[in-house]
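Structural overview
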Amino acid sequence: MKRTLESIVPTNTVLEGGGFKVRRPAAMGRLMSPFLLLDEMGPVVYGPGEAVGAPSHPHRGFETVTYLLAGGMQHADSAGNSGDLNPGDVQWMTAGRGVIHSELPQDHMMEHGGKMHGFQIWVNLPAKDKMMPPRYQDIPSKDIPEATSEDGTVWAKVIAGEALGTSAVIDTVIPITYIHMKMQPGATYAHACEADHNVMVYAFGGSVAIEGRSLHDGGLGLLSPGDSVELTAEEDGAEFLILGGPELDEPIARYGPFVMNTRQEIYQAVEDYNNGTLA
Ligand code: MN
């Protein structure tokens with residue numbers, strides 16, 4: 001059965017971290033398991049000294065996934081991981097029982113400014129994995145598979161899951177689909193989906209039609225159940241993310257950077273952070 005575009009969630013522009021602008025679909029945390037948040041960072045062009053990021057802060061109970069399209073970020077965390085994120089790179093950070101990290105523009109961005117654009121999504125963990133040891137996958141762009149349709153009208157970067165017969169290299173705790181797709185005007189692509197997964201599409205350029213309903217730049221489309229979705233790029237072409245994953249069907253207790261199942265677990269996370277034992 002083909003999926004339809006069941007509802008469209010508009011995005012708000014909000015300030016995050018040290019004051020950087022993100023486009024964020026409204027009420028994201030309650031939208032579609034297992035995704036807790038989808039932030040489009042920028043696009044923004046910083047002047048010299050203007051770039052801002054998110055200084056040292058904790059996480060527990062889920063994963064943060066950062067995908068950069070333009071600019072440069074640097075990160076460092078309490079598990080001893082550090083590195084640079086350049087255009088096309090992905091950092092898949094599983095906070096598990098606890099991580100304290102900083103996510104900042106690279107020094108050259110701080111000094112000279114420049115364009116910054118990217119995404120951060122939060123992926124929930126099942127209750128049984130919330131306290132797993134932190135895990136960190138830093139995947140450079142050259143190692144992330146890309147695929148193009150035979151006629152050249154559809155391009156995909158396969159961050160997680162599968163598209164155009166190409167499988168991702170990133171190892172996810174629960175099965176996740178995360179595809180960046182660009183389609184030329186009029187192009188059509190039929191994407192196969194796990195029938196029991198939730199699937200959504202976030203458009204960030206042009207417009208894409210799904211079963212006759214259009215999704216425009218800045219719209220998050222929630223799809224009905226089904227085992228495939230047919231996407232057609234409209235006159236300006238289309239650029240979007242396809243995100244999919246299982247329904248966890250577990251209670252969510254959320255406080256800032258902690259996402260657990262019960263309020264007691266949230267109190268514990270705050271206490272562990274205050275005691276210095278979170279990470
Ligand atoms: Mn963070």
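Quick summary incoming for the structure in this document. From a predicted model like this one, the values you see are computed outputs, not experimental measurements.

Conventions we followed
- Residues numbered from 1 in each chain as written.
- Predicted model: local features only at pLDDT ≥ 70, side-chain atom pairs only at ≥ 80, totals over all residues.
- Heavy atoms only, no water.
- Helix = DSSP H or I, 4+ residues; strand = E, 2+ residues; numbered from the N terminus.
- Rg over C-alpha atoms; globule rule 2.2 N^0.38 Å.
- Contact = heavy atoms within 4.5 Å.
- Areas by Shrake-Rupley, 256 points an atom, 1.4 Å probe, with all protein chains shown as cover.
- Lys, Arg positive; Asp, Glu negative; His and termini not counted.
- Charge placed at Lys NZ, Arg CZ, Asp CG, Glu CD.
- Donors = N, O, S within 2.8 Å, 3.2 Å for Na, K, Ca; no water.
- Buried < 20%, exposed > 50% of the residue type's maximum accessible area, 1.4 Å probe, protein only.
- Pairing = 2+ DSSP bridges.
- Axes fitted to C-alpha atoms, helices over the stretch in contact; angles between N-to-C directions.
- 1 Å grid on protein atoms, 1.4 Å probe; cavity = no way out; pocket = protein on both sides within 12 Å on 5 of 7 lines; lining within 4 Å.
- Points joined across faces, edges and corners; volume = space filled by probe spheres on them.
- Nonpolar A, V, L, I, M, F, W, Y, C, P; charged D, E, K, R; others polar.
- Salt bridge = Lys/Arg side-chain N within 4 Å of Asp/Glu carboxyl O.
- Polar contact = N/O pair within 3.5 Å; in protein donor to acceptor, adjacent residues only side chain to side chain.
- Phe/Tyr/Trp six-rings, centres within 6.5 Å; stacked < 30°, edge-to-face > 60°.

**Some details on the overall build of the protein**
Helices and strands together make up the secondary structure of the protein, namely 2 helices and 24 strands. At 18 Å, the protein has a C-alpha radius of gyration in line with the 19 Å of a compact globule built from 279 residues. Expressed along its principal axes, the backbone C-alpha trace of the protein runs to roughly 55 × 45 × 30 Å. Considering only contacts within the protein whose residues lie at least 6 apart along the sequence, 71% involve residues at least 24 apart. Accessible surface computed for the protein: about 11800 Å², of which carbon and sulfur atoms make up 50%. Charged side chains of the protein number 18 positive and 36 negative; the gap between the two group centres comes to 5 Å.

**Quick notes on the coordination of the manganese ion**
His 57 (NE2), His 59 (NE2), His 101 (NE2) and Glu 103 (OE) make up the full set of protein donors to the manganese ion, lying at 2.1 to 2.3 Å. Each donor residue of the manganese ion lies on the same chain, and together they follow the pattern H-x1-H-x41-H-x1-E. Of the residues examined, His 59 reaches a relative accessible area of 2% and is grouped as buried.

**Some words on the sheet that holds strand β12 (residues 135–139)**
The strand order across the open sheet built from 7 strands is β2-β3-β4-β11-β6-β9-β12, with neighbouring strands paired in antiparallel fashion. Only two strands of the sheet have a single neighbouring strand rather than two, namely β2 (11–16) and β12. Taken over all neighbouring pairs, the strand axes of this sheet differ in orientation by 20° on average, direction set aside.

**Quick look at empty space enclosed by the protein**
Scanning the model with the defined rule gives 1 cavity of 30 Å³ or more in all. Its volume calculated, the largest cavity comes out at about 90 Å³. When contributions to the lining of the largest cavity are tallied by element, the ones reaching two or more residues are β3 (20–25) and β4 (35–46). Here the residues of the lining of the largest cavity sort into 8 nonpolar, 2 polar and 1 charged.

**Examining the sheet that holds strand β10 (residues 99–105)**
As summarised here, the arrangement of the 4 strands in space is β5-β10-β7-β8, forming an open sheet in which the pairing is antiparallel. Two strands close off the open sheet at either side, each with one partner strand: β5 (54–59) and β8 (82–85). This sheet shows a mean twist of 20° between the axes of neighbouring strands, independent of strand direction. Where β5 and β10 come together, 4 bridges link them in antiparallel fashion. The residue of β10 that forms the bridge with Ala 54 is Glu 103.

**Considerations on unusual backbone geometry**
The omega torsion across Ser 33 and Pro 34 is 0°, close enough to zero to call that bond cis. On the secondary structure map, Pro 34 appears in the loop between β3 and β4. With an omega of 5°, the peptide bond running from Gly 42 to Pro 43 counts as cis. Following the sequence through the fold, Pro 43 ends up in strand β4. With phi around 50°, Glu 211 is a residue other than glycine that occupies positive phi space. Structurally, Glu 211 is set in the loop between β19 (197–210) and β20 (213–216). Even without a glycine there, the phi angle at Asp 249 is positive, about 55°. As for its placement among the helices and strands, Asp 249 is situated in the loop between β22 (228–246) and β23 (253–255).

**Considerations on the pattern of salt bridges**
A side chain with one charge may pair with a side chain of the opposite charge, provided their charged atoms come close. For the structure shown, the criterion picks out 9 salt bridges. Lys 2 is the partner of Glu 230 in a salt bridge, and the nearest nitrogen-oxygen pair spans 3.4 Å. Taken as a pair, Glu 230 in strand β22 and Lys 2 in the segment before β1 (5–9) lie far apart in primary sequence, 228 residues in all. We note a salt bridge from Arg 24 to Asp 39, for which the minimum N-O separation is 2.6 Å.

**Digging into the side chain of Glu 103**
Positionally, Glu 103 belongs in strand β10. Arg 24 is the oppositely charged side chain nearest to the buried, salt-bridge-free Glu 103, at an N-O distance of 10 Å. For Glu 103, the side chain forms a polar contact with the side chain of Gln 120, separated by 2.8 Å.

**A short note on the packing of aromatic side chains**
What the rule picks out here adds up to 6 aromatic pairs. Centre to centre, the rings of Tyr 67 and Tyr 178 are 6.2 Å apart; their planes meet at 90°, and the pair counts as edge-to-face. Pair noted here: Tyr 67 is in strand β6 (residues 62–70) and Tyr 178 is in strand β17 (residues 177–183), with a separation of 111 residues, a long-range link. The buried category is assigned to Tyr 67, whose relative accessible area is 2%. The class for Tyr 178 is buried, based on a relative accessible area of 0%. With centroids separated by 6.5 Å and ring planes inclined at 10°, the aromatic side chains of Tyr 202 and Phe 204 adopt a geometry described as stacked. Across the pair, Phe 204 and Tyr 202 agree in class, each one buried. Each member of the aromatic cluster is reached from another via a ring pair, and the members are Phe 119, Tyr 202 and Phe 204.

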